[in-house]
Amino acid sequence: MSAAMKKNPGGMAKLRAMSQAEWESLCDGCGRCCMHKLEDEDTGNYYATSVSCALLDCESCRCVDYENRKTRIADCIRLTPDMVQTLPWLPEDCAYRLVAEGKPLKWWHHLVSGSHETVHEAGISVRGKVEVREDQLASEDDYLAYIIGPL
Ligand code: SF4
Ligand code: SF4
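Please read these numbers as outputs of a predicted model, since none were measured by experiment. (Residues numbered from 1 in each chain as written. Chains lettered and ligands numbered in written order. Predicted model: local features only at pLDDT ≥ 70, side-chain atom pairs only at ≥ 80, totals over all residues.)

Participant: Sorry, what's going on with the overall build of the protein here?
Facilitator: Of regular secondary structure, the protein possesses seven helices and six strands. N-terminal to C-terminal, the α/β element order of the protein is α-α-β-β-β-β-α-α-α-α-α-β-β. By principal-axis analysis of the C-alpha atoms, the protein measures approximately 45 × 35 × 30 Å. Counting the 151 residues in the protein, one finds 23% classified as buried. By sequence separation, contacts in the protein at least 24 residues apart represent 63% of the contacts at least 6 residues apart. (Helix = DSSP H or I, 4+ residues; strand = E, 2+ residues; numbered from the N terminus. Buried ≥ 20, exposed ≤ 12 C-beta atoms within 10 Å, placed from the backbone. Contact = placed C-beta atoms within 7 Å.)

Okay, structure coming up:
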């Protein structure tokens, strides 16, 4: 599981003050939150898998139907400032989490580098890491074969 989030009132205020366009542009497009995670109910630990959501474009690492995602994928998370503080599996260098914690964006973030390719060049995104989409699995048990390691 990721380390506990460090609360930063200034960072949270910054997130809450963002317009919708600013909020959307903050996403680095890594696609990591669109990969399935498994939670061990006994320990509460999370495990990353190489199984993507059915709507993830594995090359661009973007959602192919972002506007309608909630109606098509029931468990798709619509991130909000408050949720950024509560999702234990959100990557520690997710841009929303960094801002919420009052930390600077990473060098590969497009708002720093000026390019949407740097998140891929740095190996942060899931490009090249997706083995299968969820809709290609026959049963829930099949997820176990695609565990990569602890989050
Ligand atoms: S992990 Fe964060 S930055 Fe990456 S795609 Fe998800 S919301 Fe965007
Ligand atoms: S539906 Fe949600 S989880 Fe699936 S690819 Fe789109 S944004 Fe990601």
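Participant: Explain the site of ligand 1 here, please?
Facilitator: Surveying the vicinity of ligand 1 reveals the residues Cys27, Asp28, Gly29, Cys30, Gly31, Arg32, Cys33, Leu79, Pro91, Cys94, Ala95 and Tyr96. Grouping the amino acids of the shell around ligand 1 by side-chain chemistry returns eight nonpolar, two polar and two charged. (Near = placed C-beta within 6 Å. Nonpolar A, V, L, I, M, F, W, Y, C, P; charged D, E, K, R; others polar.)

Participant: Please explain the nonpolar core as it appears in this structure.
Facilitator: One recurring pattern in soluble globular proteins is that nonpolar side chains are buried together. One finds Cys30, Met35 and Val126 to be the most contacted residues of the largest nonpolar core, which totals 13 residues. Within the second largest apolar cluster, ten residues are counted, among which are Leu90, Cys94, Leu98 and Ala100. (Core = buried A, V, L, I, M, F, W, Y, C linked by C-beta atoms within 7 Å.)

Participant: I'm lost on unusual backbone geometry in this one. Help?
Facilitator: Phi is mostly negative for residues that are not glycine, and the peptide bonds are mostly trans. The backbone of cysteine 61 shows a phi angle near 65°, a positive value even though the residue is not glycine. Turning to its location among the elements, cysteine 61 is positioned in the loop between strand 3 (56-57) and strand 4 (62-63).

Participant: Is there a simple way to explain the environment of histidine 120 in this structure?
Facilitator: Among the structural elements, histidine 120 can be located in helix 7 (residues 118-121). When sequence neighbours within four positions are dropped, the list of residues in contact with histidine 120 reads Ser125 and Arg127.

Participant: Mind showing me how you'd approach the pairing of strand 1 (residues 35-39) here?
Facilitator: Regular strands show a simple pattern: their side chains alternate between the two faces of the sheet. Across four bridges, strand 1 lies against strand 2 (residues 46-52) in antiparallel orientation. Each residue of the ladder has a partner; that of lysine 37, found in strand 2, is alanine 48. Remark: six residues form the turn of the hairpin made by strand 1 and strand 2, two consecutive strands paired antiparallel; glycine 44 in that turn has positive phi of roughly 80°. (Pairing = 2+ DSSP bridges.)

Participant: Honestly, the pairing of strand 2 in this entry has me stumped. Any pointers?
Facilitator: Bridge analysis of strand 2 against strand 6 (residues 147-150) gives three bridges, and the strand direction is antiparallel. Residue alanine 48 lies in a different strand from strand 6, and its bridge partner there is glycine 149. Relative to strand 5 (residues 132-133), strand 2 runs parallel, the two being bridged by two bridges. Bridged to serine 52 within strand 5 is arginine 133.

Participant: Explanation requested: the environment of aspartate 135 in the structure shown.
Facilitator: Inspection of the secondary structure assignment puts aspartate 135 in the loop between strand 5 and strand 6. Since 10 C-beta atoms lie within 10 Å of it, aspartate 135 is described here as exposed.

Participant: Quick question: what am I supposed to make of the environment of cysteine 53 here?
Facilitator: Structurally, cysteine 53 can be placed in the loop between strand 2 and strand 3. Judged by local crowding, cysteine 53 falls into the buried class, with 21 C-beta atoms found within 10 Å. Taking the C-alpha atoms as reference points, cysteine 53 and methionine 35, 18 residues apart in sequence, are found 5.9 Å from one another.

Nothing here speaks to function; it is all geometry.
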